[in-house]
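Here is what each chain is made of, one letter per residue.
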Amino acid sequence: MSRVNRPYVGIPSFLRARICEDLSVLDAAIAVLGVPFDEGSPFLPGSRFAPRALREHSLRFYGSGRGYYDPETRREYLVEEMAQGLIADAGDVDIHPANAERTFANITAAVRAILDRGAMPVVLGGDHSITYPIFRAFDEKLHVIHFDAHTDYAPFENDLQHTNSHAFRHIAGMPNALSLTQVGIRSLRHSPDQVEPIIASGNRVIPMGEFRRLGPAGIAELLPAGSRVYVSIDVDAMDMSLVPGCVSAEPNGMSYPELRDSLKAIAERHEVAAFDFVEVNPPLDVGTGVTAYLGALTVIEFLGQICAQPRWAARRRAKAA
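Residue numbers here run from 1 along each chain, matching the order of that chain's written sequence. Where local features are concerned, this predicted model is filtered to residues with pLDDT of at least 70; where side-chain atom pairs are given and counted, the filter is 80 or more; whole-chain, interface and lining totals use all residues. The side-chain values count all of the structure's non-hydrogen atoms but skip hydrogen atoms and water molecules.

The chain is annotated in an unreviewed UniProt entry as Agmatinase from Inquilinus ginsengisoli.

Encoded structure:
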């Protein structure tokens, strides 16, 4: 008799993927890496618990282990990836409390190890400071698409450099960042020096009004077709009514379909090199864990869209060979 495998049974690896913490022997097309770090959050801690919560809620999508089925498209996604064991859970980066630089070095090393094995990193945060050490693991030049209520572009002052408000100030100045497109920006807690220098440097800040004029397809069309992109998704890109388990949630955010369709359009038009999902805070979440559930859904659905593209199918065949 086969196992029933209800979501509350067993060790919660992401989508029940096999666990491979020794990255030197990683054999997968996709590696899911947890970064349970929230010392970059200057207000309330708690997002260190998000990778575990996202994994637990991912089990609700496991079903028969044959991927997931979307009634709207009447199509199954991630079937080959799950059936052929092409997804691995790479465990969590080791965190050195009160030593952000050491933790960041561990993050970069883990992502580089995944890339060296030819797998696509999918990173579960943690707060948004982690995107900087993730992105610096890449040697290739990539366009960066960032979904968020905030630019996370604070000046380096008062000896602060590693908070969740600084990640994209680091990234924008890196030689492997071809461009920075920030989508969903709206918080009134910005200062001019968190927005105007981005625009002056030739990068893009897309506030919610412009996002709604462009639509999801228009966001994807901001870059040349076929661009290699890194995508960073803060859960507060969505409206605060949807994400009670988020410290920095803001009103006038995206609906889930707006974010979902934007990610789908990016997957269809561009080649996604990696992505991260950050800022779920389980201690603040309601009893059902709705924010963590929404986070797991976003990651799984985006991954499904990436793997549904012909370019990915070609990569999958090459991996099998």
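A few words on the overall build of the chain. Looking only at helices and strands, the chain has 10 helices and 11 strands in total. Each radius of gyration reported is based on C-alpha atoms, and the globular scaling rule is 2.2 Å times the count of residues to the power 0.38. What you see for the chain is a C-alpha radius of gyration of 18 Å, in line with the 20 Å of a compact globule of 321 residues. By principal-axis analysis of the C-alpha atoms, the chain measures approximately 60 × 40 × 40 Å. Within the chain, the fraction of its 321 residues that count as buried is 57%. All accessible areas in this document rest on Shrake-Rupley with a 1.4 Å probe, and a residue is counted as covered only by the protein chains that are shown. With the model as given, the accessible surface of the chain reaches about 13700 Å², and the carbon-plus-sulfur share is 51%. Across the chain, the centroid of the 31 positively charged side chains sits 7 Å from that of the 39 negatively charged ones. Note on conventions: DSSP H or I runs of at least 4 residues are helices, E runs of at least 2 residues are strands, and numbering of each starts at the N terminus. Only protein chains enter the accessibility calculation, which uses a 1.4 Å probe; a residue whose area is less than 20% of its type maximum is buried, one above 50% is exposed, and one in between is partly exposed. Asp and Glu are treated as the negative residues and Lys and Arg as the positive ones, with His and the ends of the chain left uncounted. Here the site of a charge means NZ on Lys, CZ on Arg, CG on Asp, or CD on Glu.

Along the chain, Arg-212 turns up in helix α7 (residues 208-220). With 42 residues separating them in the primary sequence, Arg-212 and Met-254 have C-alpha atoms 9.1 Å apart. Sequence-distant contacts of Arg-212, defined by excluding residues within four places in its chain, comprise Asn-252, Gly-253 and Glu-258. Throughout, a residue-residue contact means that at least one pair of heavy atoms, one from each residue, lies within 4.5 Å.

All right, on to the packing of helix α8 (residues 256-269) against helix α9 (residues 290-307) then. To define axes, lines are fitted to C-alpha atoms, for helices over the stretch in contact only, and angles between the resulting N-to-C directions are given on a 0 to 180 degree scale. The geometry of α8 relative to α9 is characterised by a closest axis approach of 9 Å and an angle of 25° between their N-to-C directions. As judged from the angle between their axes, α8 and α9 are roughly parallel. By crossing handedness, the relation of α8 to α9 is classed as right-handed. For the pair formed by α8 and α9, the contact residues are Tyr-256, Leu-259, Arg-260, Leu-263, Lys-264 and Ala-267 on the first element and Leu-294, Leu-297, Thr-298, Glu-301, Phe-302, Gln-305 and Ile-306 on the second. Across the contact of α8 with α9, the residue classes tally to eight nonpolar, two polar and three charged. Here is the rule for angles: anything less than 35 degrees is roughly parallel, anything more than 145 is roughly antiparallel, 65 through 115 is roughly perpendicular, and the remaining ranges are oblique. The sense of a crossing depends on the near helix, which, turned anticlockwise from the far helix by less than a right angle, makes the crossing left-handed and, turned clockwise, makes it right-handed. Lys, Arg, Asp and Glu make up the charged group, whereas Ala, Val, Leu, Ile, Met, Phe, Trp, Tyr, Cys and Pro make up the nonpolar group; the residues left over, Gly among them, are polar.

Looking now at the pattern of salt bridges. Salt bridges are identified by distance alone: a Lys or Arg side-chain nitrogen within 4 Å of an Asp or Glu carboxyl oxygen. Applying the stated criterion across every chain yields a total of 11 salt bridges. The network of salt bridges with common partners includes Arg-55, Asp-89 and Asp-92.

Let us now look at a nonpolar patch on the surface. Patches in this entry comprise residues that are over 30% relatively accessible and not in a salt bridge; like charges within 9 Å are linked, as are nonpolar side chains (Val, Leu, Ile, Met, Phe, Trp, Tyr) within 5 Å. Taken together, the side chains of Phe-43, Leu-44 and Leu-284 present a nonpolar region at the surface, about 280 Å² in accessible area. Here Leu-284 is to be found in the loop between β11 (271-278) and α9.

Let us now look at the side chain of Gln-182. When you line up the elements, Gln-182 lands in strand β8 (residues 177-185). A relative accessible area of 0% means that Gln-182 is categorised as buried. Think of a polar contact as two N or O atoms within 3.5 Å of one another; within protein, one of them needs to be a possible hydrogen donor and the other a possible acceptor, and neighboring residues in sequence only count if both atoms come from side chains. For Gln-182, the side chain forms a polar contact with the side chain of His-146, separated by 2.9 Å. Those residues in contact with Gln-182 that lie beyond four places of it in its chain are His-146, Thr-151, Phe-168, Ile-198, Arg-204, Val-205 and Ile-206.

With that out of the way, let us pick up the side chain of His-143. Among the structural elements, His-143 can be located in strand β7 (residues 142-147). Apart from the residues within four sequence positions on either side, His-143 is in contact with Leu-178, Ser-179, Leu-223, Ser-227, Arg-228, Val-229 and Tyr-230.

This next bit is on empty space enclosed by the protein. Of the two site types, the cavity is a set of points on a 1 Å grid over the protein atoms alone where a 1.4 Å probe fits but cannot get out, and the pocket is an open set with protein on both sides within 12 Å along at least five of seven lines, each lined by residues with an atom within 4 Å of a point. Grid points are joined across faces, edges and corners, and a volume is the space filled by probe spheres set on the points. Evaluation of the coordinates by the stated rule reveals two cavities of 30 Å³ or more. Empty space within the largest cavity amounts to approximately 60 Å³. Lining the largest cavity we find Tyr-256, Arg-260, Leu-263, Lys-264, Thr-298, Glu-301, Phe-302 and Gln-305. Looking at the lining of the largest cavity, the elements with two or more residues in it are α8 and α9. Its residues placed into classes, the lining of the largest cavity shows three nonpolar, two polar and three charged.

This next bit is on the sheet that holds strand β9 (residues 204-207). Taking strand neighbours across the sheet as the criterion, the nine strands line up as β1-β5-β2-β6-β11-β10-β7-β8-β9 in an open arrangement whose pairing is parallel. Each of the sheet's edge strands pairs with one partner strand only, and the pair in question is β1 (18-19) and β9. The pairing of strand β10 (residues 228-234) with β11 spans seven bridges and is classified as parallel. Looking at the pairing, Tyr-230 lines up with Ala-274 of β11. The strands that helix α1 (residues 50-58) touches are β2 (30-35), β5 (87-92), β6 (120-125) and β11; relative to β6, the one it contacts most, it runs at about 110°. Between any two strands, at least two bridges found by DSSP are needed for them to pair.

What follows concerns the state of the cysteines. In protein structure, a disulfide is the covalent linkage between the sulfur atoms of two cysteines. Count a disulfide wherever a pair of cysteine sulfur atoms falls within 2.5 Å. All told, the structure shown has zero disulfides when counted by the stated rule. The closest cysteine sulfur to the non-disulfide-bonded Cys-20 is located on Cys-307, 18 Å from its own sulfur.

Within this scheme, the nonpolar core is defined by two criteria: the residues are buried Ala, Val, Leu, Ile, Met, Phe, Trp, Tyr or Cys, and they are joined through side-chain atoms within 4.5 Å. Residues Ile-30, Phe-147, Val-231, Phe-275, Phe-302 and Leu-303 are the most contacted members of the largest nonpolar core, which totals 59 residues. Examining the composition of this core, we find that nine residues originate from one element, α9, more than from any other. Setting aside anything within four residues of it in sequence, one finds Phe-147 in contact with Val-183, Ile-219, Val-231, Ser-232, Ile-233, Asp-234, Ala-237, Met-254, Leu-259, Ser-262, Leu-263 and Ile-266. Judged by nonpolar contacts, the second largest core, of 42 residues, contains Leu-26, Ala-28, Ile-107 and Phe-138.

Turning our eyes to something else, we now look at the layout of surface pockets. In this model, the largest pocket occupies a volume close to 310 Å³. Its residues assigned to classes, the lining of the largest pocket comprises five nonpolar, 10 polar and six charged.

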